[in-house]
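The primary structure of each chain is shown beneath.
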Amino acid sequence: MHQIKIHESWKNILSSEFSKEYFLQLQSFIETEKNDFEVYPTENEVFEAFNKTPFDKVKVVLIGQDPYHGKGQANGLSFSVANGVKIPPSLKNVFKELNADLGVEIPISGNLETWAKQGVLLLNATLTVRAKTAGSHQKKGWEIFTDQVIRTISNEKQDVVFLLWGNFAHGKENLINSNKHLILKAAHPSPLARGAFFGSKHFSKTNNFLVSKNLGGINWKI
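The shown structure was predicted, so the numbers you read here are calculated from the model rather than taken from an experiment.

## A short note on the packing of aromatic side chains
Part 1 of the reasoning: Tallied over the entire structure, the rule returns 19 aromatic pairs.
Part 2 of the reasoning: A centroid spacing of 5.8 Å and a plane angle of 35° characterise the contact between F18 and F145, whose relative ring orientation is tilted. Here F18, found in helix α1 (residues 8–18), pairs with F145, found in helix α6 (residues 142–156); they are 127 residues apart in sequence, far enough to count as distant.
Part 3 of the reasoning: With relative accessibility at 0%, the residue F145 sits in the buried group.
Part 4 of the reasoning: Aromatic side chains W165 and F203 sit 6.3 Å apart centroid to centroid with 70° between the ring planes, which places their arrangement in the edge-to-face category. Here F203 lies in helix α8 (residues 202–212) and W165 lies in strand β5 (residues 161–165), a separation of 38 residues in the sequence. Pair check on accessibility: W165 and F203 agree, each one buried.
Part 5 of the reasoning: Connected via pairs of aromatic rings, a cluster forms that spans W10, F18, Y22, F23, F47, F50, F55, W142 and F145.
Part 6 of the reasoning: For the cation-ring pair, R130 lies above F37, with the distance from its terminal atom to the ring centre recorded as 3.7 Å.
Part 7 of the reasoning: Lying across the ring of F55, K157 places its NZ or CZ 4.9 Å from the centre.

About the thresholds
- Residues numbered from 1 in each chain as written.
- Predicted model: local features only at pLDDT ≥ 70, side-chain atom pairs only at ≥ 80, totals over all residues.
- Heavy atoms only, no water.
- Phe/Tyr/Trp six-rings, centres within 6.5 Å; stacked < 30°, edge-to-face > 60°.
- Helix = DSSP H or I, 4+ residues; strand = E, 2+ residues; numbered from the N terminus.
- Buried < 20%, exposed > 50% of the residue type's maximum accessible area, 1.4 Å probe, protein only.
- Lys NZ or Arg CZ within 6 Å of the ring centre and 35° of its normal.

This is the structure:
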């Protein structure tokens, strides 16, 4: 991760983070990891969420924990996988809820790029992971960076919808000004949550809010 391949709009607003000691140590850690292990996503995709959703376009923030750790799964967007990759169980449940909420046909692809291009920032708290080792890059500095991203969006923007799914994401609520933004919380879509995610209607609630603010809703169809 020698170069920070991130959209100019984010580079401008986050530039001070890249020279901080924690970030330099994080870069060093990742370089060491890459010498010894396979690391996902690819270097070109680490900041894909930011490149697909420039700062001025952000309307919704969907917070995930860390990238998928299976080969070919992670593509730099939280919950998303590349075209042709088997849809993970959590994402299957997201699509089931989307179908129940808005009648959107369940997609055959788990690539959420179309959401990202409409202003849905698909943000993982940790942006890299060691192959086959979930959570392996947590608490190495990424969370400091992504917490600052969430704070910056909260401070600098107005009327953004934050989707917090599961206890980990709920822990980010304190970074968000609820007087300026809409915070929607639900159980995690993982099968481990035993269906508690279903019925949250976050897709329709998001669009109703955005439309009420004259910001235009998201076309959730993949």
